[in-house]
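Here are the chains, one letter per residue:
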Amino acid sequence: MTKELKIWSLFVGIGISTMTLLWLLSRKKTKTTAFKTKLVNIANVEHEAWGFGKIKEGSQDTIQRLRNYWEQGAGIKANDNFYVNEAWSSAFISYLMKKAGAGDEFKYNASHSQYITEAIKNRKENNSKKFKGYKPNEVKVEVGDLVCYPRQKGVTYDSKAGYLSHCDLIVAVKEDRATGVGGNVSNSVNKKNYPLKNGKIDKSRDTLNYGGVFVVIKNKK
């Protein structure tokens, strides 16, 4: 092999190596922590236990799970009539967070608005807390995040706690949508898709009532 051919082969080899490295970097996925993995796994187990949304609240097949959401998640002990008839979606999210080991980083509550406003406060203060609330146009949605929307008129990013709302835990993200798991969705544990554009909530395709998604709570734990 001539000297010129050796040099040419060397450059070709370097070029191929560089292209391979760039390709691998482009395929690099967002780091998933042990906490997020456990959180998502628990959510998926609950979804399956409710027959993927087919088993409804009040069923004897899931009543003990509903009790767990209220008692272990929201810290509320009552009777089964209360558990079934009161909105339990926030108790469900609180249960997932507690079982996954969020510790004192998360504000467990029977009202989504309590932990939403706490997460927004964390973001505004730029403190060390692991859950921070952002406006949907500010951040990309990732697995382990919470996507939240109001269930009444007049709710904004800066609203004080006490309003009606709902949040789902994001368990999967694809190019054009994120999939969330939530409690008390069609009276069960169910999944919902959220439209994405460049990784963020696509407000042009957000058809939820009362303005749609208004907060994305980033999970940095």
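What you see as residue numbers is a count from 1 along each chain, following the sequence as written. With pLDDT at 70 or above as the cut-off, local features in this predicted model cover only qualifying residues; side-chain atom pairs require 80 or more to be listed or tallied, and sums for whole chains, interfaces and linings still use all residues. Remark: hydrogens and water are excluded; side-chain values derive from all non-hydrogen atoms of the structure.

Think of each axis as a best-fit line through the C-alpha atoms, taken over the contacting stretch in the case of a helix, with angles from 0 to 180 degrees between the N-to-C directions. Put simply, DSSP marks the helices as runs of H or I at least four residues long and the strands as runs of E at least two long, and each gets a number from the N terminus on. Interaxial distance between helix α3 (residues 63-74) and helix α5 (residues 89-100) falls to 8 Å at its minimum, and their mutual angle equals 65°. Relative to α5, α3 is oriented so that their crossing is left-handed. Here N68, Y69, W70, Q72, G73 and A74 of α3 come into contact with α5, specifically with A91, F92, S94, Y95, K98 and K99. As a working rule, the residues Ala, Val, Leu, Ile, Met, Phe, Trp, Tyr, Cys and Pro are called nonpolar, Asp, Glu, Lys and Arg charged, and the rest polar, with Gly in that last group. For the contact of α3 with α5, a count of residues per class yields 6 nonpolar, 4 polar and 2 charged. Handedness of a helix crossing follows the sense of rotation of the near helix relative to the far helix, less than a right angle counterclockwise being left-handed and clockwise being right-handed. Here, residues are in contact when the closest pair of their heavy atoms is within 4.5 Å.

Okay, the sheet that holds strand β2 (residues 146-150) next. When DSSP finds two or more bridges between a pair of strands, those strands are recorded as paired. Across the sheet, 7 strands lie side by side as β1-β7-β2-β3-β4-β5-β6; this open sheet has antiparallel pairing. Each edge of the open sheet carries a strand with a single partner, namely β1 (131-134) and β6 (200-201). The pairing of β2 with strand β7 (residues 215-219) spans 3 bridges and is classified as antiparallel. Bridge assignment links L146 to a residue of β7, and that residue is I217. Sheet strands touched by helix α2 (residues 34-49): β1, β3 (165-173), β4 (177-185), β5 (188-197) and β7. Its angle to β3, the strand with the most contacts, is close to 110°. Sheet strands in contact with helix α6 (residues 112-125) are β1, β2, β3 and β7, and its direction is about 90° off that of β1.

In this section: α2. Because each turn of an α-helix spans 3.6 residues, side chains separated by three or four positions in sequence point in the same direction. Helix span, as expected, comes to 1.5 Å for every residue beyond the first. For α2, spanning 16 residues, the distance from its first C-alpha to its last is 22 Å, which sits close to the expected 22 Å at 1.5 Å a residue. One or two positions beyond α2, positive phi appears at G51, with a value near 65°.

Now for the side chain of D168. Relative to the helices and strands, D168 resides in strand β3. At 2.8 Å, the side chain of D168 forms a polar contact with the side chain of K192. In this structure D168 touches I93, D145, L146, V147, G180, V181, G182, V185, K192 and Y194, once residues within four positions along its chain are discounted. Side-chain atoms alone can form a polar contact between residues adjacent in sequence; in general such a contact is a pair of N or O atoms within 3.5 Å, and within protein one must be able to donate a hydrogen while the other accepts it.

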